[in-house]
Amino acid sequence: TQQLRALAVALAIITALVMLIDFVEVSRGLNSSGELSSARIFGLVLLKSPTVVVQLLPFVFLFGTLAAFVGLNRRSELIAMRAAGMSAWRFVLPAAGAALVLGILTVTVFGPMAAAGDGMWQRERGRISGSTPGAETAEAVWLREGDATRQMIIRGARQEQASGRLLDATFFIYTTTTGGRRTFTERIDAATATLNAGRWRLTEATGAQTGQRAVRYATLDLPSNLADKEAFQRFARPQSTPFWSLPNQIQRIEDAGFASTAYRLRLQQLLATPLMFAAMSILAAAFSLRLMRLGDLAKMTVAAVVLGFAFFFVNQFSSAMGSAEVVPPFLAAWLPPVLTALAAFTLLFYTEDG
């Protein structure tokens, strides 16, 4: 109960700070013309802030558990339990278990809600600050699709927003050999390209295979494995993809021939979240035990703050290494929580057993 109360207070403080910063950022970034009301800005903040709060939840467990054990120390409850011969593991492990359960709930329930809100925030931000809707997009459209035997890169100079039809489209077709090598086989230029019912309908097309003369087609159909409604939608960024949708999203991206490293890293980070919460709780409890023996609140507070920033740096550095494919996503995601857990157990063993 004491831990849950302290976690709620820490969560409320961090959430308030995040929402305040986001409110100022949204007001300056999207409301420069003053057209958005305060209620509208607050609604956008409610969509944007949860993803940031989820990223800062390890700090919530560090400072919340720390505050709970400090409160028990001040009331001499931990001293009484220790004097009765109770091991520190008897009250540290339940706190870690509660953090583990809350981590699972965060990944499976709160995290997907925050990801959905982030997706809505990205769409609203694009709608508010984006270009005025028109008949055509100004920038070129690039698509990629294929299977184990064929890959097709599609470029459209412009896209009609109403129909989704590509104008001045170019299709680059590659075949994949049994050894995995891709060979260019054909280029097709078309005045228009329309995706419908699992096929591309090209008009006024000119195709040329390698080493052969160009052939003109009034209309030409090419098979496609792209979904009509999803073909021109950009893949949601990893932070906007719910936990339950990440495996399918990874499969879709890989089927389209793109790299899914960022999404695999995100999935592994979510799977490692409960371990991180538990490790931070054990680490906070170890600091409180040192406080009970040494009576040095200032030293403990500074150490906890330094540890929090050290964790943030290691986690961000590891994520950057994983995103750059310097290290595998699995290692980049699990290394920070494992190191934190090892540090927590080491400190607790040293404090408890000397």
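Residues numbered from 1 in each chain as written. Predicted model: local features only at pLDDT ≥ 70, side-chain atom pairs only at ≥ 80, totals over all residues. Heavy atoms only, no water.

### With respect to helix H1 (residues 2-30)
Between its first and last C-alpha, H1 extends 41 Å over 29 residues, near the 42 Å set by a 1.5 Å rise per residue. Inspection of H1 places Gln 3, Ala 6, Leu 7, Ala 10, Ile 14, Val 18, Met 19, Asp 22, Val 26 and Leu 30 among the buried residues, and these make up the whole buried set. (Helix = DSSP H or I, 4+ residues; strand = E, 2+ residues; numbered from the N terminus. Expected span 1.5 Å × (residues − 1). Buried < 20%, exposed > 50% of the residue type's maximum accessible area, 1.4 Å probe, protein only.)

### A few points about the pattern of salt bridges
Applying the stated rule across the entire model yields 6 salt bridges. As a salt-bridge pair, Lys 48 and Glu 25 come within 3.6 Å of each other at their nearest N and O atoms. Within this pair, whereas Lys 48 is found in helix H2 (residues 38-55), its partner Glu 25 is found in helix H1, the two being separated by 23 residues in sequence. Asp 189 is the partner of Arg 187 in a salt bridge, and the nearest nitrogen-oxygen pair spans 3.2 Å. Taking relative accessible area as the criterion, Asp 189 reaches 29% and is therefore assigned partly exposed. Through salt bridges with shared partners, a single network forms among Asp 22, Glu 25 and Lys 48. (Salt bridge = Lys/Arg side-chain N within 4 Å of Asp/Glu carboxyl O.)

### Describing the sheet that holds strand S1 (residues 141-146)
If you walk across this open sheet you meet the 6 strands as S1-S2-S3-S4-S5-S6, and the pairing is antiparallel. Two strands in the sheet have a free side with no partner beyond their single neighbour: S1 and strand S6 (215-223). When the angles between neighbouring strand axes are averaged without regard to direction, this sheet yields 30°. With 9 bridges joining them, strand S2 (residues 150-159) and strand S3 (residues 166-176) adopt antiparallel strand pairing. Considered in S3, the bridge of Arg 155 is made with Thr 170. (Pairing = 2+ DSSP bridges. Axes fitted to C-alpha atoms, helices over the stretch in contact; angles between N-to-C directions.)

### Points about the side chain of Gln 268
Checked against the element boundaries, Gln 268 lands in helix H7 (residues 261-294). One polar contact links Gln 268 to Trp 334, side chain to side chain, over a distance of 3.0 Å. Excluding residues that lie within four positions of it along the chain, Gln 268 makes contacts with Pro 329, Phe 330, Ala 333 and Trp 334. (Polar contact = N/O pair within 3.5 Å; in protein donor to acceptor, adjacent residues only side chain to side chain. Contact = heavy atoms within 4.5 Å.)

### Here we look at the packing of aromatic side chains
For the structure shown, the criterion picks out 8 aromatic pairs. Pairing Phe 59 with Phe 63 gives two aromatic rings, centres 6.4 Å apart and planes at 15°, and the pair type is stacked. Of this pair, Phe 59 and Phe 63 both sit in helix H3 (residues 57-74), 4 residues apart, which is roughly one turn of that helix. Judged by its relative accessible area of 31%, Phe 63 is partly exposed. (Phe/Tyr/Trp six-rings, centres within 6.5 Å; stacked < 30°, edge-to-face > 60°.)

### Side note on the environment of Tyr 263
When you line up the elements, Tyr 263 lands in helix H7. In the structure, Tyr 263 is positioned 17 residues away from Leu 246 in sequence and 6.9 Å away in space, judged by C-alpha atoms.

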